[in-house]
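Results of the structural survey
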Amino acid sequence: MPWIQLQIPADPDTADQLEDLLMEMGADAVSMEDAADQPLYEPDPGTTPLWSQTTVTGLFQSDRNTEQLLADIRDAWHQQTQQSLPEIDVTLVEDKDWERAWMDDFHPLQFGKRLWIVPSWHEAPDPDAANLLLDPGLAFGTGTHPTTALCLEWLDGQDVAGKQVTDYGCGSGILGLAALLLGADHVIGVDTDPQALEASRDNARRNGVEDNRLDLYLPGKDPDTRADIMLANILAQPLIGLAPRLAELTRPGGDLVLSGILFNQAREVMDAYEPWFTMDEPEQKEDWIRLTGRRKDG
Ligand SMILES: C[S@@+](CC[C@H](N)C(=O)[O-])C[C@H]1O[C@@H](n2cnc3c(N)ncnc32)[C@H](O)[C@@H]1O
């Protein structure tokens, strides 16, 4: 299936904000190319501000209405910044082109003390660490995004030995598989995207994880198993809607870890979860925050 690729020249000071906006607009992947790698972008004479060579790229499913998507992005950007976006370059790209492009930027990354995420085509820098070999394909989750990093850092700091974990919105399987490598007993992964379930299974096998330690489901088909640890890196609005279901799937005393939430959305998400969970103070990385909490009795 081809993808709609949008490339937007960006001001380096607000490029992160533009990346976040594309995620909120439903991009399946977002990346930023640095100024040094590109020819100078020349704005039309007289236009302000003077955009630099930084480019933000977003990848959207090809069944989206491109004109509507562009209009929505422009409106939302104008509302947030009171500025107009420059010309947006639109191309249709094939899966393989996109995979090759971001693979070049994906290197081994360490999270906390014990955990490394290692692209499947790289050597592990520390063979004695918990090394998760990963090939996300088109599923979200390489560890390079702050929302994933916030969850991996939390996991590295926990004693997960013997625990039952749910990874809701599993993408590449990165969070659930990291939990298994750190000693969790069993993981349930759930995702709306069948390609994510496939990528998670492939990554489990790549890491020698036995099939019976990871069960994967589309939402609505997942069992009512209650988790010791509930991980969900999605986005604020779906997380708010999922609060009753995630509460039902977490055992009393169990941990909740939510990510994919922008700083100014934290209060609304906390309010949605507080009927069932005692929530901690948010933890921030760049524009994103992680919420944690413990399931109350009941
Ligand atoms: C931001 S990615 C996170 C992937 C991975 N867990 C990580 O931390 O990098 C969110 C994932 O949630 C899935 N998703 C979106 N809405 C969902 C929903 N309502 N229920 C389950 N999965 C959902 C998407 O398909 C995507 O794979």
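Under an unreviewed UniProt entry, the name given to the chain is Ribosomal protein L11 methyltransferase, and the organism recorded is Marinobacter nauticus. Under the UniProt heading Catalytic activity (unreviewed entry), the entry covering the chain gives this text: "L-lysyl-[protein] + 3 S-adenosyl-L-methionine = N(6),N(6),N(6)-trimethyl-L-lysyl-[protein] + 3 S-adenosyl-L-homocysteine + 3 H(+)". Quoted verbatim from the Subcellular location (unreviewed entry) field of the UniProt record, the comment on the chain reads "Cytoplasm".

On to the side chain of Gln 164. With respect to the helices and strands, Gln 164 occurs in strand E8 (residues 164-168). The class of Gln 164 is buried, set by a relative accessible area of 17%. If sequence neighbours within four positions are ignored, Gln 164 has contacts with His 186, Ile 188, Thr 225, Arg 226, Ala 227, Asp 228 and Ile 229.

Moving on to the pairing of strand E12 (residues 250-262). With ten of 13 residues buried, E12 is to be regarded as a mostly interior element. Here six bridges tie strand E11 (residues 227-233) to E12, and the two strands are oriented parallel to one another. Bridging from a neighbouring strand, Leu 231 pairs with Val 257 of E12. Handedness of the crossover joining E11 and E12 through helix H7 (residues 236-248): right-handed. The pairing of E12 with strand E15 (residues 288-295) spans six bridges and is antiparallel. When the bridges of E15 are listed, Val 257 appears paired with Thr 292.

Strand pairing in a sheet relies on backbone hydrogen bonds. The paired strands run either parallel or antiparallel. Strand order in the open sheet formed by four strands is E2-E3-E1-E4, and the pairing between neighbours is antiparallel. In this open sheet, the two strands that pair with only one neighbour each are strand E2 (29-33) and strand E4 (89-93). Going across the sheet, the axis of each strand differs from the next one's by a mean of 20°, ignoring polarity. Relative to strand E3 (residues 55-61), strand E1 (residues 3-9) runs antiparallel, the two sharing seven bridges. Considered in E3, the bridge of Ile 8 is made with Val 56. Along the sheet, helix H2 (residues 66-81) contacts E1, E3 and E4; its crossing angle with E1, the most-contacted strand, is approximately 30°.

Before going further, it helps to examine the UniProt feature "binding site: S-adenosyl-L-methionine" (unreviewed entry) in the chain. As recorded in UniProt, the sites labelled "binding site: S-adenosyl-L-methionine" (unreviewed entry) are Thr 148, Gly 169, Asp 191 and Asn 233. With respect to the helices and strands, the residue Thr 148 is situated in helix H4 (residues 146-156). Take Thr 148: its relative accessible area is 2%, and that puts it in the buried class. Take Asp 191: it is sitting in the loop between strand E9 (186-190) and helix H6 (194-206). With residues near it in sequence (within four places) discarded, Asp 191 still touches Gly 169, Cys 170, Gly 171, Ala 196, Leu 197, Tyr 217, Leu 218 and Pro 219. Separated by 3.2 Å, the side chain of Asp 191 and the backbone nitrogen of Cys 170 make a polar contact.

Two numbers describe how helix H1 (residues 15-24) lies on H2: the axes approach to 11 Å, and their chain directions differ by 135°. Taken as axis vectors, H1 and H2 run oblique relative to one another. As for the relative orientation of H1 and H2, their crossing is right-handed in sense. Facing H1, whose interface residues are Gln 17, Leu 18, Leu 21 and Leu 22, H2 presents Ile 73, Ala 76, Trp 77, Gln 80 and Thr 81. Looking at the contact of H1 with H2 residue by residue, the class counts come to six nonpolar, three polar and no charged.

Cut-offs and rules
Residues numbered from 1 in each chain as written. Predicted model: local features only at pLDDT ≥ 70, side-chain atom pairs only at ≥ 80, totals over all residues. Heavy atoms only, no water. UniProt positions renumbered as here; feature names shortened; annotations may be inferred. Helix = DSSP H or I, 4+ residues; strand = E, 2+ residues; numbered from the N terminus. Buried < 20%, exposed > 50% of the residue type's maximum accessible area, 1.4 Å probe, protein only. Contact = heavy atoms within 4.5 Å. Pairing = 2+ DSSP bridges. Right-handed = clockwise from strand over helix to strand, strands pointing away. Axes fitted to C-alpha atoms, helices over the stretch in contact; angles between N-to-C directions. Polar contact = N/O pair within 3.5 Å; in protein donor to acceptor, adjacent residues only side chain to side chain. Parallel < 35°, antiparallel > 145°, perpendicular 65-115°, else oblique. Left-handed = near helix turned anticlockwise from the far one by under 90°. Nonpolar A, V, L, I, M, F, W, Y, C, P; charged D, E, K, R; others polar.

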